[in-house]
Structures are given as C-alpha cells and as structure tokens.
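A look at the structure
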Amino acid sequence: MEEAVEGQWEAEIWPGMDSDGPRLVEGKSCWLHPALAAVEMADKGRGVVAQTAVAEGALGAAETPLAACLLWDQSHCDECGRPVGEETAPEECAGCQETWCSVDCRRRAAVHHWLECRQPFAVVGAPGGIYCLCFRIYLSTPAGLRDLWERRKRPSQPDTPLSEMLASEEDRVRLSASLPDHRESNRSWDAWPDVVRRVKFLSKAIRARFLAAEGACSPSRQRIQRQLLHVLMVGYTNTFTVYRQLEPAGLGSTPCKVVGSGLYPAVSLLNHSCLPNTTRHFDGTKMVMRAIRALVPGEELTTTYGTNPKYQLTYQRREALHTWRFVCGCAEACGNADWKTPEAEY
C-alpha cells in the first residue's frame, strides 16, 4: 500500500519523467514527504525526523533554491542550471556575456543581475561564490518580505510537519532567516573586515535601486546593511554545493562537476552525519533528496555537509566541518568504534 502511495506522490511531482531527469510541477518551489517533521533537539538544535515509516529510496524532498549562484560557465544557464545548447535558444547579456537558457530565466535573473553586471568581482564576489550567492538571496527576496532578514530569535515550532511549516514562499524566507548565522564566532574570522567592507559598499548601490523603485517606502542604508550581513552569515554555514553528475569513467565511479552553490531552506534543517541515511542529487539547481535505507518512526534524517566524508580520515572530516563550527560526534561513524574508515589501512 505504501508503494502505491509513493507512486502517486512521485507522479504528482514528476509528471512526464524523461532523460532530462525529474522536474517539479510548474509553480511548486518545494515538495516534502508528509512524514517529515521539524523538531527541537537538546544537543543539536533543530532537526528533521520521520513521524511514520519511510521506505528505502523514497523521495524525501524536492526543492528549488531560494537563490543559487553558478560558476562562470556558458555551458549552463546561470538561473536554473540547465545545460545551454543550440536547441535552447540561449539568451546572453551584452555587457558581461552571462548566459541564460530562455527569456523567462533572463527575466527572473534581472532582480540581481543589474548589480553583478556593473560591479567588479572584487566587490560583488566571483560567480559561484558565497558573496555573490548571498547578494542574490537578498535581492531576490520580495520587498514585502525583506524585513524577515532582521536577525531575531526564532519562534518555537515543536514537531511541526515540514509540509505545513513551508507552505508558501514567505515561509521559506522566514525559515531561511531563522537559520543559525554563528556571527559571534565569525567575527574572529580573518575575512571579517572584507565582509563588512563589501556590505557597506554594496548597500549604497542597493539603497539607490530600492529608492528609485519604492520611493520613501524603501529601507534605510543602515537597515539594508544589517539585513545583508545576516544573509551572508546564514549563507556561509547553510548553503549546499550544486553539482552535475557526469558519465561514469569506470566501474564504481560517480564523477561530479561542481557548478555552483544554493540555499535550500528545507534541506538545511537536516543535521550532519558522516554516514547519513539520505542522499541528494540535482536536476539543474533543483535538489532531490531520497532515503538511502528504510527509516523507522522517530528516526532522524541526516545528510553530509561538504564533501563525502566516508573516504576521509577522522582529522580530515573534522577540518572539513570547521566551517559549520562544530565537532562531529555522530553515532553512526565518529561514535562507533567498529566503523571501518580509511585509517584502518595505515
């Protein structure tokens, strides 16, 4: 019976699956398995658990990014991440040669491209980088929702089904703004002066743009600076690398090409494990998350932060996780003395 229901869900989310991979229904930015719920954990903060059983291979989430920023590569669309070819009638910016796969993608990119096209990389950040991504997140936020980026204590929402918690785009912005930004520890970061410099410089250009479009209703420059800084700190520890899977070069190989980064609010709630029970892949910039194995009721869903830690030594895993400001103690690997790691070979 569960398999039939899973099939109905996937038919709704992935109509007409083809060689291009699964696609979200038009107008949907996020779909979440109804069994998943956000919970407060005493030792981890928020996390995601399965309230009912989830089958192995079941679709857990299908989510478009709140914003994504791709590496400078004219082989794919800078907005949706899909390959650009002769059949897609690509659109190109005359000023900077940025490429989009369609007029629709170019139109959606207009909310942030005006800034990237006019400013040097030294100010707005290189394509695919965290600075460029975070400025896109802020500029893509509708005017009526920008105040959600004010740093504030997040409301308590115990055992809330994710499908209810993220019912609208406003909910996704609100959740993103409530993600931890680790600002206190980031102040000791060597690049902190550069962060402040970029925020102050770009807030002037953004303020002028908002003023022209919204008049007296536009936020002050100081308010824009506060909101931009919070977006940057949230983005620094909550974004995911977007990659494209390539043709296998040999038996057992799964080569990937990094194409950029994006902020995925729902999947950002998952905590890290060096031996996770979910896996993710991308269709353009859309993230698809599935269960690696069957999940029992009450079990926490986990993912990996950064690169695949399965083939890393303990000290390499800990160094890789420094960005997220914690030392992993996952029961599956770090806390399991019987778990075999590459260290066993040395």
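Structural data are supplied above this passage.
Quick summary incoming for the structure in this document. (Residues numbered from 1 in each chain as written. Predicted model: local features only at pLDDT ≥ 70, side-chain atom pairs only at ≥ 80, totals over all residues. Heavy atoms only, no water.)

Moving on, we come to the overall build of the protein. Of regular secondary structure, the protein possesses 10 helices and 14 strands. Looking at the protein residue by residue over its 346 residues, the buried ones come to 48%. A fraction of 67% describes how many contacts in the protein between residues 6 or more apart in sequence connect residues 24 or more apart. Split by element, the accessible area of the protein, about 17,300 Å² in all, is 53% carbon and sulfur. (Helix = DSSP H or I, 4+ residues; strand = E, 2+ residues; numbered from the N terminus. Buried < 20%, exposed > 50% of the residue type's maximum accessible area, 1.4 Å probe, protein only. Contact = heavy atoms within 4.5 Å. Areas by Shrake-Rupley, 256 points an atom, 1.4 Å probe, with all protein chains shown as cover.)

What the five strands build is an open sheet, ordered β8-β2-β3-β14-β11; its pairing is mixed. For this open sheet the edge positions go to β8 (160-161) and β11 (271-272), each flanked by a neighbour on one side alone. (Pairing = 2+ DSSP bridges.)

Taking strand neighbours across the sheet as the criterion, the four strands line up as β1-β4-β13-β12 in an open arrangement whose pairing is antiparallel. Unpaired on one side and paired on the other, β1 (30-32) and β12 (278-283) mark the two borders of the sheet. The average angle at which neighbouring strand axes cross in this sheet is 15 degrees, direction not considered. Looking at chain direction, β1 and strand β4 (residues 59-63) are connected through three bridges and run antiparallel. Paired with Cys 30 across the bridge in β4 is Glu 63. (Axes fitted to C-alpha atoms, helices over the stretch in contact; angles between N-to-C directions.)

Right, let's talk about the environment of Val 111 for a bit. Note on placement: Val 111 falls in helix α2 (residues 103-118). For Val 111 and Tyr 138, which are 27 residues apart along the polypeptide, the C-alpha to C-alpha distance reads 9.9 Å. Setting aside residues no more than four positions away along its own chain, Val 111 makes contact with Leu 139 and Ser 140.

Under the counting rule described, the total for this entry stands at 15 salt bridges. Measuring nitrogen to oxygen at the nearest pair gives 2.6 Å for the salt bridge that ties Arg 293 to Glu 299. Take Arg 293: its relative accessible area is 37%, and that puts it in the partly exposed class. (Salt bridge = Lys/Arg side-chain N within 4 Å of Asp/Glu carboxyl O.)

With that settled, consider empty space enclosed by the protein. Tallied over the entire structure, the rule returns three cavities of 30 Å³ or more. Around the largest cavity, the lining residues are Leu 36, Val 54, Ala 58, Leu 59, Gly 60, Thr 278, Met 289, Arg 290, Ala 291, Leu 295 and Leu 301. Counting only elements with at least two residues in the lining of the largest cavity, the list comes to β4 and β13 (286-291). Top element by residues in the lining of the largest cavity is β13. It accounts for three residues. For the lining of the largest cavity, a count of residues per class yields eight nonpolar, two polar and one charged. (1 Å grid on protein atoms, 1.4 Å probe; cavity = no way out; pocket = protein on both sides within 12 Å on 5 of 7 lines; lining within 4 Å. Points joined across faces, edges and corners; volume = space filled by probe spheres on them. Nonpolar A, V, L, I, M, F, W, Y, C, P; charged D, E, K, R; others polar.)

A few words now on the packing of aromatic side chains. Working definition: an aromatic ring pair is given by the centre-to-centre distance plus the angle between the planes. Taken as a whole, this structure holds four aromatic pairs when the rule is applied. Between Phe 240 and Tyr 264 the ring centres are 6.4 Å apart and the planes differ by 75 degrees, which places this aromatic pair in the edge-to-face class. Of this pair, Phe 240 sits in strand β9 (residues 239-245) while Tyr 264 is found in the loop between β10 (256-263) and β11, placing the two residues 24 residues apart along the sequence. There is no split in this pair, since Phe 240 and Tyr 264 are both buried. Ring geometry for Tyr 243 versus Phe 282: centroids 5.0 Å apart, planes at 80 degrees, classification edge-to-face. (Phe/Tyr/Trp six-rings, centres within 6.5 Å; stacked < 30°, edge-to-face > 60°.)

What follows concerns the environment of Leu 175. As for its position among the elements, Leu 175 is in helix α6 (residues 169-177). A C-alpha to C-alpha distance of 9.2 Å links Leu 175 and Leu 148, two positions 27 residues apart in sequence. Those residues within four positions of Leu 175 in sequence are excluded, and the remaining contacts are Arg 46, Met 165, Leu 166, Pro 265, Ala 266 and Leu 269.

This next bit is on helix α4 (residues 130-140). Burial runs high along α4: nine of the 11 residues are buried. Every buried residue belonging to α4 is among Tyr 131, Cys 132, Leu 133, Cys 134, Phe 135, Arg 136, Ile 137, Tyr 138 and Leu 139, and all of these are buried.

The values reported here are purely geometric and, on their own, carry no functional implication.
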